[in-house]
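What follows is each chain in one-letter form.
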Amino acid sequence: MQINLVAVGTRMPDWVKQGFDEYSRRLPQECSLKLHEISPGQRGRSTPVARAIADEGRRIDKAVPQSHLVVALDVQGSSWSTEQLSEQLKRWLAGGRNLSLLVGGPDGLADSCLQRAEQRWSLSPLTLPHPLVRIMVAEQLYRAWSILSGHPYHRS
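Residues numbered from 1 in each chain as written. Predicted model: local features only at pLDDT ≥ 70, side-chain atom pairs only at ≥ 80, totals over all residues. Heavy atoms only, no water.

(A) A look at the pattern of salt bridges. Taken as a whole and assessed by the stated rule, the structure comprises eleven salt bridges. For the salt bridge of arginine 43 with aspartate 107, the shortest nitrogen-to-oxygen distance reads 2.8 Å. Here the residue arginine 43 occupies a position in the loop between strand 2 (32-38) and helix 2 (49-63), and aspartate 107 occupies one in the loop between strand 4 (99-103) and helix 4 (111-116), the gap between them amounting to 64 residues. Relative accessible area serves as the criterion here: at 39%, aspartate 107 is assigned to the partly exposed category. (Salt bridge = Lys/Arg side-chain N within 4 Å of Asp/Glu carboxyl O. Helix = DSSP H or I, 4+ residues; strand = E, 2+ residues; numbered from the N terminus. Buried < 20%, exposed > 50% of the residue type's maximum accessible area, 1.4 Å probe, protein only.)

What follows is the structure, encoded as structure tokens:
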């Protein structure tokens, strides 16, 4: 299974790339993780926020193949423990479909992305910085995989 993290934002600090790369490279080929950056919508005093969100949504929709299982990262989504995420990863792997995880911009995901999502996952009720979300998702996927494979990385 290919896991695509489709995230709004293109100019991340080096530490974000290094953190994401560290955990994504640890994942095996059977659930490899790739990042697809989406350029943010233009925001300004004369540009409505709704237009920027809609622009981001169109670019996200184009980046996600129709055959993928789509999971939106959304504060209104299901909150999973690490063990529950591991069980979810097991179901995703057994389903045989590639997976796209969607991370919106500073104002969230477009309605079109939320409607397309078959699941919604909330990392936390806290507002998290978008750069950090990339690393957290990569690390938690690696941790979930380590539980499934009996690797000692996760200690419960």
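Having seen it, we continue.
(B) Spatial organisation of the environment of glutamine 119. Note that glutamine 119 resides in strand 5 (residues 119-122). You can call glutamine 119 partly exposed: its relative accessible area is 21%. With 21 residues separating them in the primary sequence, glutamine 119 and glutamine 140 have C-alpha atoms 17 Å apart. Those residues in contact with glutamine 119, other than ones at most four positions away along the chain, are Leu69, Val70, Val71, Ala72, Trp80, Gln88 and Trp92. Polar side-chain contacts of glutamine 119 include one of 3.3 Å to the side chain of glutamine 88. (Contact = heavy atoms within 4.5 Å. Polar contact = N/O pair within 3.5 Å; in protein donor to acceptor, adjacent residues only side chain to side chain.)

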